[in-house]
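Structural characterization, general
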Amino acid sequence: MTKRVLWTNVIITVLIMGLFTLAAQFFFHYSRNSTSVAIIYVLAVMLVARYCTGYIPGIVASVFGVFFVNYVYTYPYMNFSLSIDGYPVTFSGMLIVSIITSTLTTRFKKQSQLINEQEKLLVEAEKETMRANLLRAVSHDLRTPLTGIIGMSKAYLDGADTLPEEEKAEMVASIQEDANWLLNMVENLLAVTRIRVGDAKVTTTPELLEEVVSEAVLRFKKRLPHASVRVQVPEEVLVVPMDATLIEQVIINLLENAAYHSGSQEPIELSVERWPHEVAFFVRDSGRGIDPDRLGTIFDGGGTDSNVSGDSHKGMGIGLSICKTIINAHHGTIEARNREKGAEFMFTLPLEEKKA
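Presented here is an overview of the structure given in this document. (Residues numbered from 1 in each chain as written. Predicted model: local features only at pLDDT ≥ 70, side-chain atom pairs only at ≥ 80, totals over all residues. Heavy atoms only, no water.)

**Focus on the nonpolar core**
If you look at the biggest cluster of nonpolar residues, it comprises 47 residues, and the most contacted ones within it are Ile247, Ile251, Val279, Phe281, Phe347 and Leu349. Sorting elements by how many residues they give to this core places helix 7 (residues 244-261) first, with ten residues. Membership of the second largest hydrophobic core comes to 16 residues, among which are Ala24, Phe28, Val45 and Tyr73. (Core = buried A, V, L, I, M, F, W, Y, C linked by side-chain atoms within 4.5 Å. Buried < 20%, exposed > 50% of the residue type's maximum accessible area, 1.4 Å probe, protein only. Helix = DSSP H or I, 4+ residues; strand = E, 2+ residues; numbered from the N terminus.)

Below, the structure is given as structure tokens:
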């Protein structure tokens, strides 16, 4: 036990026993009942055991309480005596109860500390799993467009004198698309750096929901001008605590996921609903849906299944994994499910900021 812990124990024990001695004096002055005083000291022992470290402070407080009751509150007053009728049984019982109470309280406190440590270990393990998933997703999602860019640029240079202009334009368009995809990956990685790594929290400020949604859709349309999005937000003015940049990134990721992987040219639906204690965002497409076997792990950063459409984007991978990281840091929820036609991604944000 360090000196700091020792002095902390001493100060806490003296304060608690002093305050409860004043309370005992008050009750005894009006009732002259030593039994009530004994109960007061048992409660004091419980508090000492609760707020001190180790077994010794509680046991010391138990012994102090027993002998103080005998000396001050048992006739003859201000005189220690073991010959009082019934004293050995009564006060020996009080000492035993006090010591047992102190021991049990200290044991429960240690068990609680052990449980907290185990929970912290589980959180750290989850963080490590998330980091591994992100690294796996990054390695895949960066390799795919880079391979496309290298291949297309080499083909363009090798056939610069023989390829028709139309085919050259298609190659440049493909290179541009993969470059935009890489830009999105970089923005996703930058988004993660805005989250405090130590405790996976974000700094939130009240933001107008309509403005955040509008900005996200504008950024999405700049990347994919041919994609169509139908937006529906509540008519009432909603102010939601959030990191606006991160939530915009979540919306963009989900919209791009629908545009690239739904296999449908129908408009993507982005809607927002006001719930009693939170606000819910829905991104729906009318495509082929999600493989049921992947629904449970789609946010874990795998996302490397083959793409039926044959384009260069094999999976959302890091995009969906980062969506989950951002929403969890906002104390919200995120999930994916299939509809009768197409897929639906939904995430929620609390309307009131949750305190740690």
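**A closer look at unusual backbone geometry**
In the Ramachandran plot, His331 falls in the positive-phi region, its phi being about 65° despite a non-glycine side chain. Overall, the relative accessible area of 39% leaves His331 in the partly exposed class.

**Details of helix 1 (residues 3-31)**
Residues that lie three or four places apart on an α-helix share one face, since the helix turns once every 3.6 residues. Look at helix 1: 41 Å from first C-alpha to last across 29 residues, which is about the 42 Å you get at 1.5 Å a residue. Buried within helix 1 are the following residues: Asn9, Thr13, Ile16, Met17, Phe20, Thr21, Ala24 and Phe28. (Expected span 1.5 Å × (residues − 1).)

**Details of the side chain of Thr348**
Its place among the elements puts Thr348 in strand 7 (residues 343-350). Thr348 sits in the buried class, given a relative accessible area of 2%. At 2.7 Å, the side chain of Thr348 forms a polar contact with the side chain of Thr333. Residues in contact with Thr348, not counting those within four places in the same chain, are Trp275, Glu278, Val279, Ala280, Ile327, Gly332 and Thr333. (Polar contact = N/O pair within 3.5 Å; in protein donor to acceptor, adjacent residues only side chain to side chain. Contact = heavy atoms within 4.5 Å.)

**Topic: the packing of helix 1 against helix 3 (residues 56-73)**
Where helix 1 meets helix 3, the closest approach of the two axes is 11 Å, and the angle between their N-to-C directions is 30°. When the interaxial angle is binned, helix 1 and helix 3 end up roughly parallel. The handedness of the crossing between helix 1 and helix 3 comes out as right-handed. Seen from helix 1, the contacting residues are Asn9, Thr13, Met17, Thr21, Ala24, Gln25 and Phe28; seen from helix 3, they are Pro57, Ala61, Phe64, Gly65, Phe68, Val72 and Tyr73. Per-class residue counts for the contact of helix 1 with helix 3 are nine nonpolar, five polar and no charged. (Axes fitted to C-alpha atoms, helices over the stretch in contact; angles between N-to-C directions. Parallel < 35°, antiparallel > 145°, perpendicular 65-115°, else oblique. Left-handed = near helix turned anticlockwise from the far one by under 90°. Nonpolar A, V, L, I, M, F, W, Y, C, P; charged D, E, K, R; others polar.)

**Points about the pairing of strand 5 (residues 278-284)**
With six of seven residues buried, strand 5 is to be regarded as a mostly interior element. Direction of pairing for strand 4 (residues 268-274) relative to strand 5: antiparallel, over a ladder of six bridges. The partner of Val272 across the bridge, within strand 5, is Phe281. Where strand 4 folds back on strand 5, the antiparallel hairpin that results is connected by three residues. (Pairing = 2+ DSSP bridges.)

**Overview of the sheet that holds strand 2 (residues 229-232)**
Sheet architecture is open: five strands sit in the order 2-4-5-7-6, paired in mixed fashion. With partners counted over all chains shown, the strands left at the sheet margins are strand 2 and strand 6 (333-338), one partner each. Between one strand axis and the next, the sheet turns by 15° as a mean value, whatever way the strands run. The pairing of strand 6 with strand 7 spans six bridges and is classified as antiparallel.

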